[in-house]
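Observations on the three-dimensional arrangement
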Amino acid sequence: MTITAPRKHIFMCPVHMWGHARALGILAARLVKMRPITVTFCIGSKSYDKIKSEIASDFVTEQDGFLTRIRLLRMEQGDSHDPLDPSVYSDSVLQMWNKLHSGKPVECETVSGASHTLDLQAEPLSAVIVDILAIAISDVLFKQRRDGELPTSLRIYGWSPISMSYLLTIYRKDLIPQVEEIVARDGVTFNEAAFDIFAKPKGRVIRCPALPPMYDYELEPQGLFLVIPNGPEICGNIVCKMARFLAQVDGILTFDAAAYNLEATKALREWFGETGRKVYYAGPLIPKAPRPKSHVSPDGDEGDVIAFLDKQLAERGEKSVIYVSFGSMFWPMDPSKLLAALEVLMDKDIHFLMTRPSPFAHIPDEFLDKVKAYPGAHVANWAPQLAVLEHSATGWCLTHGGHNTVLECIDAGVSMIVWPIAVDQEPNAAHLTDNLDIAYELLEVRHGAGLGPIFRTGRKLVGTVDAVRDELEDVLARAFGADGEAKRQRLLDVRAKLKQAWAEAAGEEDDVKGIARREVQGFLDDVFLHSA
């Protein structure tokens, strides 16, 4: 097969979190198949092997030649005891960037496994895609472009690996002046002032066009930032600067699907359109041609996971298993509520598969022994999530509501019970339950500052372990009955729309079929236009 020599060069920089890197890797695969370009991709050391497999899974064997167009740069990312802190990763990226920027070559590897010497003098950049959380990195890029150290024609795009409705909640207004005012008035540090604004709830109502109104503390239903040790640093160095980041980028690429929340899509387009910029909806970004060994398990759990599901399918039939996953980064803040939920599943003889890849994950050994003694449970450190969701035995997913998992559940036709923790997860839960009516949200699992009254219903939460048990028992009774089946059918309607996003052929008049493909083509048109 003859491949046209690449002419454009795109530099991709997600943060170190797997949920942020995974979908961008799939986008890299799609880009090199669509146009003659090369991609250089920064990836944290702990996700290096996984991203190689993930990118490769979007190609069929006949397309292996394209793998040489994607180069990987291995970045340090720090110890797992502080996984939310991007500073080690950002420092590593900036050291490498400054080396490249000064004209020095850097060694890297293509996805196909070949060594490559990267030299920006020989392969100048056409565009940079930088994660919305990589504020330290984007600050350097914006300054270098303003100071003339980078070409003014170099496009810098933001990468948004979250549900876009979340950006509409609190990130339209630049609050840095307000933070600085508090610093001057109260004599506190910048991070402390940012923490006061973004982490400490005030009981104000958040209204945005794509979601039901909610109190500010409902956006953080587990009160995460109030209890993690580096909460002030995250608020000061990242959260409070995101609005300014969004104001400076030349456009936004997202793995969100335009048809997932049409009202949010319309609002985001109007917002960026006010300054002549675009939002490009590339999602859903799910591998098109998974290979038998396209996932790498760090603990050898994959075979056991699939064997467990096969056994459940043979003995109990289709849709008999609940998949319990809180993603690669999050975990419930009150462990007693999680243990109570698992006890309910066992008491009701509902079989479940649970993963715990999060560095925050902890189940007491005594309770874990109890789970292992229950024949209908399997606990794994890691699982091939797409394979789990596509397995006929999987009927429901008890999830934190991270957007990767939400879109993958919809793609696989698996209904959800949502236990949101932070960031875009509560907006997702509200949209899935109130707007789309395709999921259930657990409310009594909220914790700390997140336990206040719910604005949209007026309900006052109890928040006890017994309340969690009662609520989950009620949800499970409905989920495995007529109400749950009705939700599943509505989910399949949403799935049918999202499945068309990357369709090959579509007329311009069609707002659903092929929309992600057209959006990405529009992004590439912009890159080629400004780097001509």
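An account of the accompanying structure is given in this report. (Residues numbered from 1 in each chain as written. Predicted model: local features only at pLDDT ≥ 70, side-chain atom pairs only at ≥ 80, totals over all residues. Heavy atoms only, no water.)

This part is about the overall build of the chain. Counting its regular elements, the chain contains 20 helices and 17 strands. The C-alpha extent of the chain, read off along each of the three principal axes, is 65 × 65 × 50 Å. Expressed as a percentage of its 532 residues, the buried residues of the chain come to 59%. Here the analysis covers contacts within the chain between residues at least 6 apart in sequence; of these, 75% occur between residues at least 24 apart. As presented, the chain carries roughly 20,700 Å² of accessible surface, and 50% of it is formed by carbon and sulfur atoms. (Helix = DSSP H or I, 4+ residues; strand = E, 2+ residues; numbered from the N terminus. Buried < 20%, exposed > 50% of the residue type's maximum accessible area, 1.4 Å probe, protein only. Contact = heavy atoms within 4.5 Å. Areas by Shrake-Rupley, 256 points an atom, 1.4 Å probe, with all protein chains shown as cover.)

With that out of the way, let us pick up the pattern of salt bridges. Counting across every chain of the model gives 36 salt bridges. Between Asp-411 and Lys-499 there is a salt bridge, and its shortest N-O distance comes to 3.1 Å. Note that Asp-411 is positioned in helix H16 (residues 403-412) and Lys-499 in helix H19 (residues 482-499), a separation of 88 residues in sequence. Classification of Asp-411 by relative accessible area gives buried; the value is 16%. Judged by its relative accessible area of 43%, Lys-499 is partly exposed. The shortest N-O distance in the salt bridge between Asp-474 and Arg-478 comes to 3.0 Å. Pair noted here: Asp-474 and Arg-478 are both in helix H18 (residues 465-479), with a separation of four residues, about one helical turn. Arg-478 gets classed as partly exposed once you look at its relative accessible area, which sits at 35%. Where salt bridges share partners, they join Glu-218, Glu-426, Asp-434, Glu-441, Arg-446 and Arg-456 into one cluster. (Salt bridge = Lys/Arg side-chain N within 4 Å of Asp/Glu carboxyl O.)

The nonpolar side chains of a soluble globular protein tend to be buried, and buried together. One finds Phe-11, Phe-352 and Phe-523 to be the most contacted residues of the largest nonpolar core, which totals 154 residues. When residues of this core are assigned to their parent elements, the largest contribution, 10 residues, is made by helix H1 (residues 18-34). In this structure Phe-523 touches Ile-10, Leu-31, Ile-129, Tyr-157, Leu-253 and Tyr-280, once residues within four positions along its chain are discounted. Ranked by size, the runner-up nonpolar core spans 29 residues in total, among them Ala-259, Leu-309, Ala-380 and Ala-439. (Core = buried A, V, L, I, M, F, W, Y, C linked by side-chain atoms within 4.5 Å.)

So, about the packing of aromatic side chains. For the structure on display, the rule yields 14 aromatic pairs. Relative to Trp-97, the ring of Phe-11 has its centre 5.3 Å away and its plane inclined at 70°; by these criteria the two rings are edge-to-face. Taken together, the positions of Phe-11 in strand S1 (residues 8-13) and Trp-97 in helix H3 (residues 87-101) put the pair 86 residues apart, joining distant regions of the chain. For Trp-97, a relative accessible area of 4% gives the class buried. Aromatic pair Phe-326 and Trp-419: ring centres 5.5 Å apart, planes at 85°, arrangement edge-to-face. One end of the pair, Phe-326, is in the loop between strand S12 (321-325) and helix H13 (335-347); the other, Trp-419, is in the loop between strand S16 (415-418) and helix H17 (425-435), with 93 residues separating them in the sequence. According to the relative accessible area criterion, Phe-326 is buried, its value standing at 1%. Sitting over the face of the ring of Tyr-48, Arg-74 holds its NZ or CZ atom 3.8 Å from the ring centroid. Taking the ring centre of Tyr-440 as reference, the NZ or CZ of Lys-487 above it sits at 4.6 Å. (Phe/Tyr/Trp six-rings, centres within 6.5 Å; stacked < 30°, edge-to-face > 60°. Lys NZ or Arg CZ within 6 Å of the ring centre and 35° of its normal.)

Turning to the pairing of strand S2 (residues 37-44), a few remarks are in order. Counting buried positions along S2 gives eight out of eight residues, so the element sits mostly inside the fold. Inspection of the sheet shows S1 paired to S2 by five bridges, in the parallel sense. Counted as the bridge partner of Phe-11 is Thr-40 from S2. Considered for its hand, the β-α-β crossover made up of S1, H1 and S2 is right-handed. For the segment spanning S2, helix H2 (residues 48-56) and strand S3 (residues 70-75), crossover handedness is right-handed. (Pairing = 2+ DSSP bridges. Right-handed = clockwise from strand over helix to strand, strands pointing away.)

An order of S5-S4-S3-S2-S1-S6-S7-S10-S11 is seen for the nine strands of this open sheet, with the pairing classed as mixed. Among the strands making up the open sheet, the edge pair consists of strand S5 (115-118) and strand S11 (278-281). Recorded for the sheet is a direction-independent mean angle of 30° between the axes of neighbouring strands. Here six bridges tie S2 to S3, and the two strands are oriented parallel to one another. Counted as the bridge partner of Cys-42 is Leu-73 from S3. Strands in contact with H2 are S2, S3 and strand S4 (106-110); relative to S3, the strand with the most contacts, it is inclined by about 165°. (Axes fitted to C-alpha atoms, helices over the stretch in contact; angles between N-to-C directions.)

Judged by which residues are buried, strand S10 (residues 251-254) turns out to be covered on both faces: Gly-251 and Leu-253 on one side and Ile-252 and Thr-254 on the other are all buried. Two strands pair when backbone bridges link them, and strand S7 (residues 155-160) and S10 are joined in this way by three bridges, in the parallel orientation. Considered in S10, the bridge of Gly-158 is made with Ile-252. Bridge analysis of S10 against S11 gives four bridges, and the strand direction is parallel. What sits directly across from Leu-253, in S11, is Tyr-280. Taken together, S10, helix H11 (residues 262-273) and S11 form a β-α-β motif whose crossover is right-handed.

This brings us to H2. Among the residues of H2, those classed as buried are Tyr-48, Ile-51, Ser-53, Glu-54, Ile-55 and Ala-56. The elements touched by buried residues of H2 are H1, S2, S3 and S4.

Spatial strand order, S14-S13-S12-S15-S16-S17: six strands in an open sheet with parallel pairing. Looking at which strands have only one partner, the edges of the open sheet turn out to be strand S14 (377-380) and strand S17 (439-441). For this sheet the average axis-to-axis angle between neighbouring strands, irrespective of direction, equals 15°. Examined bridge by bridge, strand S13 (residues 351-355) and S14 share four bridges and lie parallel to one another. Looking across to S14, one finds that Leu-353 is bridged to His-378. Of the strands in this sheet, S12, strand S15 (394-399), S16 and S17 are in contact with H18, which crosses S17 at around 175°.

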